[in-house]
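Chain by chain, the residues run as shown.
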Amino acid sequence: MCALCETQSPALSRRRLLGRGAGLLAAAALGAGPAWAKDTKEPAPNAISPDEALKRIMDGNARYAAGNLDNKDFSAARAARATAQYPIAAIVSCADSRVAPELVFDQAPGELFVVRVAGNFVNDDGLASLEYGVKFLGIPLVLVLGHSGCGAVDATIKVLKDGTKLPGHLPELVNALKPGVEAAIAKKPQDLLAEATKENVRHNVQRLSKAKPIISGMVADGKVKVIGGVYDIASGRVVTL
């Protein structure tokens, strides 16, 4: 089981936590590959090209949109999943309850590594999670997934255009979504929400593609591809950008 996913005791000391984090960073600095590479000479189940990973999830989305989901036994391979994971793609998804990546792409447990936050943007915590995924789990594809009717994007539009004031920590969310929304506003599109949703995805794809030192290097080497897409809640279809 990966060190990041273990259940920790409340008594776990800060020193031990820092030690584990330092160990992962040291391994990355030494160029360590995915965990499975040290345990077996056989290729991992997710040792596929980024394009093959994209084909698999988009084929799954076509099944979902058509209502032809694969019948899955979710108890099957549960024991194997308890010892390792081999996700074929990482999905940066909105926290919207209508967006469920495993369903949208018709994938079984263990096949998607999902980072979710309202507005599907990448902050430092999300970036670290994705770095872990591509570096230590061998994920070949990262997809930033926006969706139709995104409330977080719509709220950001209202703040920037109408001066709406939001409570609590919501202004921090607006700040994260601001670059993409401002880019959309500058275009003066007929459907501002739809364009802002796309621009927010594009902004985060660009950020991830250039994120040093891990993801940008793997993108340059062709080991990882970062793309964007928008999920239409009504039709169930994902369109890549």
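These numbers were taken from a predicted model, which means no experiment stands behind them.

For the rest of this paragraph, the subject is helix 8 (residues 192-209). Across its 18 residues, helix 8 extends 25 Å between first and last C-alpha, which sits within 8% of the 26 Å expected from 1.5 Å per residue. All of the buried residues along helix 8 are L192, E195, A196, T197, E199, N200, V201, N204, V205 and L208.

Another point: the side chain of N61. Among the structural elements, N61 can be located in helix 2 (residues 50-66). The exposure class of N61 is buried, given its relative accessible area of 2%. If near-sequence neighbours (up to four positions away) are discounted, N61 is found in contact with V104, F105, G236, R237 and V238.

This brings us to the packing of helix 6 (residues 151-162) against helix 8. Geometry of a packed helix pair, given as the angle between the helix axes and the separation of the axes. Look at helix 6 against helix 8: their axes get within 10 Å of each other, and the N-to-C directions meet at 105°. Looking at the two axes, helix 6 sits roughly perpendicular to helix 8. Taking contact as the criterion, the partners of V153, D154, I157 and K161 in helix 6 are, on helix 8, L192, L193, A196, T197 and N200. Of the residues contributing to the contact of helix 6 with helix 8, the split by class is five nonpolar, two polar and two charged.

As a further point, take the confidence of the model for the chain. For the chain, the average pLDDT comes to 87, and 83% of its residues sit at 70 or higher. Note on residues 1-33: pLDDT under 50 across the span, and 23 contacts to partners over four residues away in sequence or across chains.

Of note, the amide linkage connecting K212 to P213 takes the cis form, showing an omega dihedral of 0°. Looking at the element boundaries, P213 is found in the loop between helix 8 and helix 9 (215-220). The backbone of D106 shows a phi angle near 50°, a positive value even though the residue is not glycine. With respect to the element layout, D106 can be found in the loop between helix 4 (101-104) and strand 2 (112-116). Its identity is not glycine, yet N120 carries a phi of approximately 40°, on the positive side. Relative to the helices and strands, N120 resides in the loop between strand 2 and helix 5 (124-136).

Taken in spatial order, the five strands make up an open sheet running 2-1-3-4-5, and their pairing is mixed. Edge positions in the open sheet fall to strand 2 and strand 5 (238-240), since each of these has one partner strand only. Across the sheet, the mean angle from the axis of one strand to that of its neighbour is 25°, orientation sign disregarded. Here strand 4 (residues 225-231) runs beside strand 5; their pairing, made up of three bridges, is antiparallel. Paired with Y231 across the two strands is V238, which belongs to strand 5. Contacts from helix 5 reach strand 1 (89-93), strand 2 and strand 3 (141-147), with the element oriented near 170° to strand 2. Strand contacts of helix 8: strand 1, strand 3 and strand 4, with the helix running at about 165° to strand 4, the strand carrying the most contacts.

The rules we used
- Residues numbered from 1 in each chain as written.
- Predicted model: local features only at pLDDT ≥ 70, side-chain atom pairs only at ≥ 80, totals over all residues.
- Heavy atoms only, no water.
- Helix = DSSP H or I, 4+ residues; strand = E, 2+ residues; numbered from the N terminus.
- Expected span 1.5 Å × (residues − 1).
- Buried < 20%, exposed > 50% of the residue type's maximum accessible area, 1.4 Å probe, protein only.
- Contact = heavy atoms within 4.5 Å.
- Axes fitted to C-alpha atoms, helices over the stretch in contact; angles between N-to-C directions.
- Parallel < 35°, antiparallel > 145°, perpendicular 65-115°, else oblique.
- Nonpolar A, V, L, I, M, F, W, Y, C, P; charged D, E, K, R; others polar.
- pLDDT = per-residue confidence, 0-100.
- Pairing = 2+ DSSP bridges.

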